[in-house]
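Summary of the model geometry
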Amino acid sequence: GSAAIGSALVVIVLTLTAPSAVGAAITSTPVVAYAIACGVAMATALVLALRGGAHLAASALFAVPSALTLLTRVEASTGVFGPRPILTEPVLWSSAVVAAGIVLVVRVVEGSPVRAIPREGARRLGLAIATLAVAAGGIALVVPAVAVEVRGVRTDTAAFAARFTMEGFETMGGWLALSLALVLLAEWAWNYRPKTTHAAMTVAAATTVALAWSVLRYVPLHTWVPWIPADVQQDYGTEYASIVFSSTQVLWQVAAIAAALASAAVLLLLAAASFGKERSGDVGSEGGTG
């Protein structure tokens, strides 16, 4: 609502100050196409939110950009738009993370809270492991995660060099580890009896995120650093300046991922045990009635 009001005020001010320019811009084909696309997207999101829940609308908003980004893989393969300076492997793994996240969120929200888990000890174990995973993921955000080396030449021809580290919150690895741990904690915190198929989906999605983490853990979320001269940073990727990211020990991230996977494994084992117990009960009932 506030964004719409702000946009309307901007249009009104621009119309009053430069009506001819605004008229030409509004009637241009790209602007009209973008307006139609935004209208369709918002209408679809509202329908999903009203009929399926906010989690479905949010999932769609994340899935669409990811699907569009996958087109860069097609572009890189065909060369239809020339060379693309995009790392396709991280793009593919990031899209896999989005898909896994959607599965996990929908899995938690749409799970069936039939009754309390019959094996309280197993539930407490899974909850404890997930809590440890969240704690490790939180620590991972505030410890060094990536080593950075910058070399360049300033506009006055003076050489510049710097070495420093980025914290976990500045990298994809730190947030992936914490996010996975939080999702598993949410699963255990909600006292329901999981179905085997749903638990298997959780384990598969968690494993996908863990594999993606192994590829994306050293990818930084930004390259701009305030204390590095701007004339050096604007030349990254040229013969005048370079920035190189190298791996460091990320033991807290490893601990968070490992604990989250262990928690997911306990969930699957508990679901399988509950399913086996139900099957045994059904067979016994059938035998008794015969």
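Above: the structure in question.
What comes next concerns the included structure. Remember, predicted model here, so these are calculated numbers, not experimental data.

About the cut-offs
Residues numbered from 1 in each chain as written. Predicted model: local features only at pLDDT ≥ 70, side-chain atom pairs only at ≥ 80, totals over all residues. Heavy atoms only, no water. Core = buried A, V, L, I, M, F, W, Y, C linked by side-chain atoms within 4.5 Å. Buried < 20%, exposed > 50% of the residue type's maximum accessible area, 1.4 Å probe, protein only. Helix = DSSP H or I, 4+ residues; strand = E, 2+ residues; numbered from the N terminus. Contact = heavy atoms within 4.5 Å. Pairing = 2+ DSSP bridges. Axes fitted to C-alpha atoms, helices over the stretch in contact; angles between N-to-C directions. Parallel < 35°, antiparallel > 145°, perpendicular 65-115°, else oblique. Left-handed = near helix turned anticlockwise from the far one by under 90°. Nonpolar A, V, L, I, M, F, W, Y, C, P; charged D, E, K, R; others polar. Phe/Tyr/Trp six-rings, centres within 6.5 Å; stacked < 30°, edge-to-face > 60°. Lys NZ or Arg CZ within 6 Å of the ring centre and 35° of its normal. Lys, Arg positive; Asp, Glu negative; His and termini not counted. Salt bridge = Lys/Arg side-chain N within 4 Å of Asp/Glu carboxyl O. Polar contact = N/O pair within 3.5 Å; in protein donor to acceptor, adjacent residues only side chain to side chain. 1 Å grid on protein atoms, 1.4 Å probe; cavity = no way out; pocket = protein on both sides within 12 Å on 5 of 7 lines; lining within 4 Å. Points joined across faces, edges and corners; volume = space filled by probe spheres on them.

So, about the nonpolar core. Among the nonpolar cores identified, the biggest contains 48 residues, and Val148, Val150, Phe164, Leu180, Ile228, Val232 and Tyr236 are the most heavily contacted of them. Looking at this core, the elements with two or more residues in it are helix H6 (88-109), helix H7 (120-140), strand E1 (144-153), strand E2 (159-167), helix H8 (172-189), helix H9 (196-216), strand E3 (241-247) and helix H11 (251-289). The greatest single-element share of this core, amounting to nine residues, is contributed by H11. The residues contacting Phe164, other than those within four sequence positions of it, are Val146, Ala147, Val148, Val150, Val225, Trp227 and Ile228.

Positive phi, normally seen in glycine, also occurs at Thr157, with a value near 70 degrees. Judged by its relative accessible area of 66%, Thr157 falls in the exposed class.

Right, let's get into the pairing of E1. With nine bridges connecting them, E1 and E2 associate as antiparallel partners. By the bridge assignment for E2, Gly152 is matched with Phe160. Adjacent in sequence and paired antiparallel, E1 and E2 are bridged by five residues, among which Thr157 carries a positive phi angle near 70 degrees. Summarising the sheet, E1 and E3 pair through seven bridges and their orientation is antiparallel. Following the sheet pairing, Arg151 is matched in E3 by Ser242.

Bringing the packing of H8 against H9 into the picture now. Where H8 contacts H9, the two axes come as close as 9 Å, and the packing angle between them is 165 degrees. Between H8 and H9, the crossing angle belongs to the class labelled roughly antiparallel. Taken as a pair, H8 and H9 cross one another with a handedness that is left-handed. Two secondary-structure elements touch here, H8 through Met172, Gly173, Leu176, Leu180, Leu184 and Glu187 and H9 through Thr202, Ala206, Val209, Ala212, Trp213 and Leu216. Looking at side-chain class alone, the contact of H8 with H9 contains nine nonpolar, two polar and one charged residues.

On to the packing of aromatic side chains. Enumeration according to the criterion identifies one aromatic pair in this entry. With centroids separated by 5.2 Å and ring planes inclined at 75 degrees, the aromatic side chains of Phe164 and Trp227 adopt a geometry described as edge-to-face. Pair noted here: Phe164 is in strand E2 and Trp227 is in the loop between H9 and helix H10 (230-233), with a separation of 63 residues, a long-range link. Judged by its relative accessible area of 15%, Phe164 is buried. The side chain of Arg217 reaches across the aromatic face of Trp213, ending 5.4 Å from its centre.

What follows covers the packing of H7 against H8. Between H7 and H8, whose axes approach to 8 Å, the crossing angle comes to 155 degrees. With respect to their mutual orientation, H7 and H8 come out roughly antiparallel. Seen from above, H7 lies across H8 with left-handed handedness. Side by side, H7 and H8 meet where Ala122, Arg123, Gly126, Leu127, Ala130, Thr131, Ala133, Val134, Gly137 and Gly138 of the first sit next to Leu178, Ala181, Leu182, Leu184, Leu185, Trp188 and Ala189 of the second. When the residues that make up the contact of H7 with H8 are grouped by side-chain class, the tally is 12 nonpolar, four polar and one charged.

Structurally, the position occupied by Glu170 is in the loop between E2 and H8. Here Glu170 is buried and forms no salt bridge, its nearest opposite-charge partner Arg217 lying at an N-O distance of 16 Å. Here His222 takes part through its side chain, which lies 2.8 Å from a polar atom of the side chain of Glu170. If we ignore the near neighbours within four places in the chain, the residues touching Glu170 are Pro220, Leu221 and His222.

Using a probe with the size of a water molecule, rolled over the atoms, empty space left in the structure can be pinpointed. Its boundaries defined by the atoms lining it, the largest pocket holds a volume of some 610 Å³. If you go around the largest pocket, you meet 24 residues; those closest to its centre are Phe62, Ser94, Val97, Val98 and Gly101. The set of elements that each furnish at least two residues to the lining of the largest pocket consists of helix H4 (54-69), H6 and H8. A per-element tally of the lining of the largest pocket places H6 first, with 10 residues.

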